[in-house]
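Observations on the three-dimensional arrangement
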Amino acid sequence: MSKPATESLIEFLSNIPIFSEVNKESLKHLSIVLEEETFRKNKLVFEKDSIGEYMYIIVSGSVKVHEKDHVFGHMHAGECFGEYALIDNNKRSAFITTLEDTTVLKINREHFFKLISNDIGFSQGILSVLIKRHRNIDIIQENLASSKKALEIANSKLSGLINGAMDGIIMFDEKFRILLTNPSANVLFENNDVIQRNLLFFLDDSSADRIQNLIKNDLNNDQPLSSNYLPDIIKVIGSNETETLNEGTISKWGDNTASFYTLILRNIQDRLQAEDKIEFLTSQTEYLKEEIKELTSDHGIIAEDQSMKKVMQLINKVAGTHATVLINGETGTGKELVARAIHQLSDRKDKPLIRINCGAIPTNLIESELFGHEKGAFTGATTTRKGRFLLADKGTIFLDEIGELPLDLQPKLLRVIQEGEFDAVGSSETIQADVRIIAATHRDLMQHVKDKKFREDLFYRLNVFPITVPPLRDRGNDICLITNHMISEFSRELNRPINLLSEDDKTALINYNWPGNVRELQNLIERAIIISQNNTISWQSIIPQGGIEQEVTTLQTSNTIYTAPELIEIEKANIERALKHTKWKISGENGAAKLLKLPPTTLSSRIKALGIERPI
């Protein structure tokens with residue numbers, strides 16, 4: 001709806017650069033035809049390539065001028081946009097989107113031309129503004145007095161020269177003489193005195209030929225020119241011989257007696273450089289991905305150390321079969337990654353991989369989770385539920401922490417492995433399922449069998465193809481490779497650039513015992529990046545000062561009084577940890593005896609006395 005004239009509105013309009021010389025009476029006429037509209041934050045005002053009829057004046061708020069994600073600039077209260085819509089039906093050259101709640105006044109083409117034609121005060125005010133900016137406007141002002149036709153041509157010229165346009169705007173005649181330019185065009189030409197000079201002199205040969213042919217074809221009516229996008233890049237050579245690459249549009253205005261042309265150029269030098277940079281970074285990313293792929297075998301497993309390479313070899317051997325796999329390893333070593341790698345390398349990779357943690361589900365619910373239940377099978381069973389085994393049909397099920405599976409459910413799992421069938425809870429119907437089973441545990445299942453906590457027949461059914469994932473402390477330089485990879489990932493997620501590891505950092509990481517394995521490393525890295533300063537992590541202060549000696553010191557300073565049997569168990573556990581840390585090497589420079597500060601013969605005697613045996 002139209003905006004009524006008020007003193008405050010007229011005062012506001014008088015401060016708009018293009019209307020600053022328009023008298024108050026004419027501004028009053030202008031304010032009557034202005035329409036007010038409010039756009040919410042992030043609202044699209046108009047799209048690129050749309051046909052517009054309005055010029056917009058920002059009353060409050062701000063907008064951005066952009067093309068998709070590329071922002072050309074911002075405009076604020078007191079600035080105008082969409083001026084080209086007042087003189088032709090050209091498509092919009094960019095998107096306009098609000099940065100906040102924004103109120104605008106807008107005037108359409110019809111009202112603007114009526115004011116120009118009927119209100120001499122309005123047109124003279126517009127001309128006065130342009131006179132200050134363009135010395136050649138004097139010629140146009142003189143022509144305005146001669147005829148209405150001259151006024152219409154002058155209005156077209158003035159509208160095309162709205163100050164502040166980010167694109168270079170050049171108006172020229174049939175002989176390529178430059179009539180008017182805006183400041184952006186003068187920047188391209190590296191010259192503020194180009195009026196009456198030949199436009200073609202500022203273009204390279206191929207660009208000049210293209211423009212010349214377009215005008216020639218238009219004048220001969222071979223290919224009449226209205227408004228054309230120039231598909232080829234226009235190269236401008238400035239007075240200081242600086243070359244810029246531009247995309248552009250060219251349009252024609254005038255009458256039967258004279259033709260004039262407007263060339264609008266947008267410098268795309270930065271965009272092309274950005275595209276080259278993106279292309280380079282993309283190529284670099286692909287290269288780095290290939291490097292990581294070689295280390296990880298494309299399964300997220302970084303395996304440079306020989307111990308982990310053996311695991312990868314076992315994965316590759318068993319993946320193509322239908323054999324049941326039992327993955328052994330301490331908590332946090334990446335047993336699930338191994339399971340996923342086996343699935344991805346198998347002929348079941350296009351089917352689901354269903355994971356269930358047998359130790360994380362309450363005992364009274366795990367049967368329903370695994371095998372499903374019928375409606376009414378137990379209190380709370382209000383609907384029929386499919387179990388994980390049915391969801392994994394034709395795919396793979398990963399039973400994590402299989403050692404926690406209740407003893408009374410183990411026969412049902414054994415039946416699935418042997419016969420590929422099971423019964424849902426509360427159902428007498430047998431369900432067939434083609435499922436490959438991969439199980440994982442950090443427990444000693446053989447000891448569980450001895451302790452009657454795990455069925456022996458189920459153990460041997462699961463243990464068809466065992467894979468043992470080594471603890472992180474036994475993987476040598478893999479610790480550093482994993483750390484650098486995680487630093488890159490977390491620093492990008494947290495937007496905190498971090499320097500990669502130094503040699504001292506690597507030494508500190510390798511020397512730590514990592515009782516929580518990769519999971520502990522992951523948590524430590526994420527915490528370290530959050531508290532980092534100046535893109536640097538002080539790993540020596542973040543890595544826990546732990547290991548065998550710390551545990552012994554902690555034991556010595558504790559106020560707890562241990563019984564003799566408890567002390568024997570503590571000593572046994574301590575020696576076992578030392579043996580694992582040294583890969584069961586007793587004597588020598590890197591042996592457990594030196595770590596425990598005991599003579600090798602004494603340690604051998606204690607190992608025998610305590611019944612410590614190296615696991616198979």
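Predicted, not measured: the structure shown is a model, and the values here were computed from it.

A tally of regular secondary structure across the protein chain gives 24 helices and 22 strands. Across the 616 residues in the protein chain, those meeting the buried criterion constitute 44%. Taking as baseline every contact in the protein chain between residues at least 6 positions apart, the subset at least 24 positions apart corresponds to 65%.

The next point concerns the environment of histidine 29. Structurally, the position occupied by histidine 29 is in helix 2 (residues 24-33). Residues histidine 29 and leucine 115 lie 86 residues apart in sequence; the distance between their C-alpha atoms is 7.8 Å. Excluding anything up to four places from it in sequence, histidine 29 contacts Leu115 and Asp119.

At asparagine 42, a residue that is not glycine, the phi angle is positive and equals roughly 65 degrees. Within the secondary structure, asparagine 42 sits in the loop between strand 1 (35-39) and strand 2 (44-46). Classification of asparagine 42 by relative accessible area gives exposed; the value is 55%. Residue tryptophan 514 is not a glycine yet carries a positive backbone phi of 50 degrees. Locating tryptophan 514 in the fold gives a position in the loop between helix 18 (503-511) and helix 19 (517-530). On the basis of relative accessibility, which here comes to 0%, the residue tryptophan 514 falls in the buried class.

What follows is about the pairing of strand 13 (residues 259-267). Of all 9 residues that make up strand 13, 8 are buried, and the element is covered over most of its length. The pairing of strand 9 (residues 168-173) with strand 13 spans 6 bridges and is classified as antiparallel. Bridged to glycine 168 within strand 13 is leucine 265. Inspection of the sheet shows strand 12 (residues 243-254) paired to strand 13 by 9 bridges, in the antiparallel sense. Of the residues in strand 13, the one forming a bridge with lysine 252 is tyrosine 261.

What follows concerns the pairing of strand 15 (residues 353-357). Only one face of strand 15 is covered, namely the face carrying Ile354 and Ile356; the face carrying Leu353, Arg355 and Asn357 is uncovered. Strand direction decides the pairing type here: strand 15 and strand 18 (residues 396-400), joined by 5 bridges, are parallel. Paired with asparagine 357 across the two strands is aspartate 400, which belongs to strand 18.

Membership of the largest hydrophobic core comes to 32 residues, with the highest contact counts inside it found for Phe389, Leu399, Ile402, Leu413 and Ile437. Elements that contribute at least two residues to this core include exactly strand 15, helix 12 (363-371), strand 18, helix 14 (410-419), strand 21 (436-441), helix 15 (445-450) and helix 16 (456-462). Here the element with the most residues in this core is helix 14; it accounts for 4 residues. Non-local contacts of leucine 399, meaning those with residues more than four positions away in its chain, are made with Ile356, Cys358, Leu370, Phe389, Leu413, Ile437, Ile438, Ala439 and Ala440. Core analysis: the second largest hydrophobic core is formed by 24 residues, Ile482, Ile487, Ile529 and Ile543 among them.

Now for the packing of helix 10 (residues 306-319) against helix 11 (residues 335-345). Following both chains from N to C, one finds helix 10 and helix 11 inclined at 40 degrees, their axes separated by 8 Å at the closest point. Considering the angle they form, helix 10 stands oblique to helix 11. When the axes of helix 10 and helix 11 are compared, the crossing they make is right-handed. Residues Val311, Ile315, Asn316, Val318 and Ala319 of helix 10 touch helix 11, and the partners they reach there are Val338, Ala341, Ile342 and Leu345.

The subject of this paragraph is a nonpolar patch on the surface. On the surface, a cluster of nonpolar side chains totalling about 270 Å² of accessible area is made up of Leu494, Ile530 and Ile531. Position of isoleucine 530 relative to the elements: it lies in helix 19. The exposure class of isoleucine 530 is partly exposed, given its relative accessible area of 48%.

The subject of this paragraph is the sheet that holds strand 15. Within a sheet, each strand pairs with its neighbour through backbone hydrogen bonds, oriented either parallel or antiparallel. Across the sheet, which stays open at both edges, the 5 strands sit in the order 15-18-21-14-22 with parallel pairing between neighbours. The outermost strands of the open sheet, each flanked by one partner alone, are strand 15 and strand 22 (465-468). Ignoring which end each strand starts from, the neighbouring axes of this sheet average 20 degrees apart. Contacts from helix 10 reach strand 14 (325-328), strand 21 and strand 22 within the one sheet, and its direction differs from that of strand 22 by about 155 degrees.

Let's shift gears to the pattern of salt bridges. Pairs can form between side chains of opposite charge once their charged atoms are near each other. Per the stated rule, a full pass over the model turns up 28 salt bridges. A salt bridge links glutamate 336 to arginine 355; the nearest nitrogen and oxygen atoms lie 3.0 Å apart. Note that glutamate 336 is positioned in helix 11 and arginine 355 in strand 15, a separation of 19 residues in sequence. The partly exposed category is assigned to arginine 355, whose relative accessible area is 34%. Of the charged contacts in the structure, one is a salt bridge between aspartate 478 and arginine 475, with a shortest N-O distance of 3.3 Å. Within the structure, one salt-bridge network assembled from shared partners comprises Lys48, Glu67, Asp167, Glu247, Arg266 and Arg271.

On to the packing of aromatic side chains, then. A full pass over the atoms with the stated rule returns 15 aromatic pairs. Their ring planes at 45 degrees and their centres at 5.9 Å tell us that phenylalanine 46 and tyrosine 56 sit as a pair that is tilted. In this pair, phenylalanine 46 is assigned in strand 2 and tyrosine 56 in strand 3 (residues 54-60), connecting sequence segments 10 residues apart. The pair phenylalanine 46 / tyrosine 56 is uniform in exposure class, with both members buried. Each ring, one from phenylalanine 371 and one from phenylalanine 422, has its centre 5.5 Å from the other, and the planes form 45 degrees; the classification is tilted. With phenylalanine 371 in helix 12 and phenylalanine 422 in strand 19 (residues 421-423), the pair connects residues that are 51 residues apart, well separated along the chain.

As a further point, take helix 2. All of the buried residues in helix 2 are Ser26, Leu27, Leu30, Ser31 and Val33. For helix 2, the angular spread of the buried residues around the axis is 160 degrees, confining them to a single face. For helix 2, the N-terminal capping position is held by asparagine 23, with its side-chain oxygen 3.2 Å away from the main-chain nitrogen of glutamate 25.

Definitions and cut-offs
Residues numbered from 1 in each chain as written. Predicted model: local features only at pLDDT ≥ 70, side-chain atom pairs only at ≥ 80, totals over all residues. Heavy atoms only, no water. Helix = DSSP H or I, 4+ residues; strand = E, 2+ residues; numbered from the N terminus. Buried < 20%, exposed > 50% of the residue type's maximum accessible area, 1.4 Å probe, protein only. Contact = heavy atoms within 4.5 Å. Pairing = 2+ DSSP bridges. Core = buried A, V, L, I, M, F, W, Y, C linked by side-chain atoms within 4.5 Å. Axes fitted to C-alpha atoms, helices over the stretch in contact; angles between N-to-C directions. Parallel < 35°, antiparallel > 145°, perpendicular 65-115°, else oblique. Left-handed = near helix turned anticlockwise from the far one by under 90°. Patch = residues over 30% accessible without salt bridge, like charges linked within 9 Å, V, L, I, M, F, W, Y side chains within 5 Å. Areas by Shrake-Rupley, 256 points an atom, 1.4 Å probe, with all protein chains shown as cover. Salt bridge = Lys/Arg side-chain N within 4 Å of Asp/Glu carboxyl O. Phe/Tyr/Trp six-rings, centres within 6.5 Å; stacked < 30°, edge-to-face > 60°. Arc of directions from axis to C-beta. Polar contact = N/O pair within 3.5 Å; in protein donor to acceptor, adjacent residues only side chain to side chain.

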